Structures are given as C-alpha cells and as structure tokens.
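Observations on chain architecture
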Amino acid sequence: MDFDLWLKRRQQQAEQALAALLQHAAGEARLADAMRYGVLGGGKRLRPLLVYAAAEAVGPVTAAADAAACAVECIYAYSLI
C-alpha cells in the first residue's frame, strides 16, 4: 500500500474515533465543548499513527487500536492544555 494513502486513511480513522469518543462527553456543556475543542482542533495525529503502525506490526487493527490511539491523543492534548 502507498504510504500517503495509508497515512490519510489512518488519520481519518483517528479523527472519526476521536469524534465518536468525545460525542458522548459527559458533564457540563462548557466542559464538553472545551474537551472537543482541545482534542478535535486539528493536527497531524502523529501519535495515533504510531499506535496504528504498532498494531499493524503485530496483527490486524481492531477496536482496541482505536481506543489506544484515542487515549494517546487525549493525553497529548491534555499535556498541551
């Protein structure tokens, strides 16, 4: 597979997984909006890409890889905020 194609697909997968995760953010509306803004504000999604590459190295990418990719990206966003 072409690397550029893989990159785009996995970035879209990470964006969709993050959006689905934060769609159900609980708590005060302002806090949930701030969480979405902090995490979904864009970016290259390098950390989730590394998670997906590691998952592919040992087997098929599953929902667990999505969860790990989201966790890593959320921790990174938290560290920036």
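On a predicted model such as this, the values are computed, not experimentally measured, just so you know.

Glancing now at the pattern of salt bridges. The final tally for this structure, using the stated rule, is five salt bridges. For R36, the salt bridge identified is with D33, shortest N-O distance 3.0 Å. In this pair, R36 and D33 both sit in helix 2 (residues 29-40), three residues apart, roughly one turn of the helix. With relative accessibility at 26%, the residue R36 sits in the partly exposed group.

Our next topic: the nonpolar core. In this structure, V39 and Y52 are the most contacted members of the largest nonpolar core, which totals 14 residues. When neighbours within four sequence positions are excluded, V39 is seen to be in contact with L18, L22, R45, C74 and A77.

Moving on to the layout of surface pockets. Of the volumes computed, that of the largest pocket is approximately 160 Å³. In terms of lining, the largest pocket is formed by L22, L31, A34, M35, V39, C74, A77, Y78 and I81. Where the lining of the largest pocket is concerned, the elements lending two or more residues are helix 2 and helix 4 (63-80). Element by element, the count of residues in the lining of the largest pocket is highest for helix 2, at four residues. Residues of the lining of the largest pocket, tallied by class, amount to nine nonpolar, no polar and no charged.

Moving on, we come to the packing of helix 1 (residues 3-23) against helix 3 (residues 46-58). Look at helix 1 against helix 3: their axes get within 10 Å of each other, and the N-to-C directions meet at 110 degrees. Relative to helix 3, the element helix 1 lies roughly perpendicular. Considering the relative orientation of helix 1 and helix 3, their crossing is right-handed. Touching W6, L7, R10, Q11, Q13, A14 and A17 of helix 1 are P48, L49, Y52, A53 and E56, all from helix 3. Grouping the constituent residues of the contact of helix 1 with helix 3 by class yields eight nonpolar, two polar and two charged.

Rules and cut-offs
Residues numbered from 1 in each chain as written. Predicted model: local features only at pLDDT ≥ 70, side-chain atom pairs only at ≥ 80, totals over all residues. Heavy atoms only, no water. Salt bridge = Lys/Arg side-chain N within 4 Å of Asp/Glu carboxyl O. Helix = DSSP H or I, 4+ residues; strand = E, 2+ residues; numbered from the N terminus. Buried < 20%, exposed > 50% of the residue type's maximum accessible area, 1.4 Å probe, protein only. Core = buried A, V, L, I, M, F, W, Y, C linked by side-chain atoms within 4.5 Å. Contact = heavy atoms within 4.5 Å. 1 Å grid on protein atoms, 1.4 Å probe; cavity = no way out; pocket = protein on both sides within 12 Å on 5 of 7 lines; lining within 4 Å. Points joined across faces, edges and corners; volume = space filled by probe spheres on them. Nonpolar A, V, L, I, M, F, W, Y, C, P; charged D, E, K, R; others polar. Axes fitted to C-alpha atoms, helices over the stretch in contact; angles between N-to-C directions. Parallel < 35°, antiparallel > 145°, perpendicular 65-115°, else oblique. Left-handed = near helix turned anticlockwise from the far one by under 90°.

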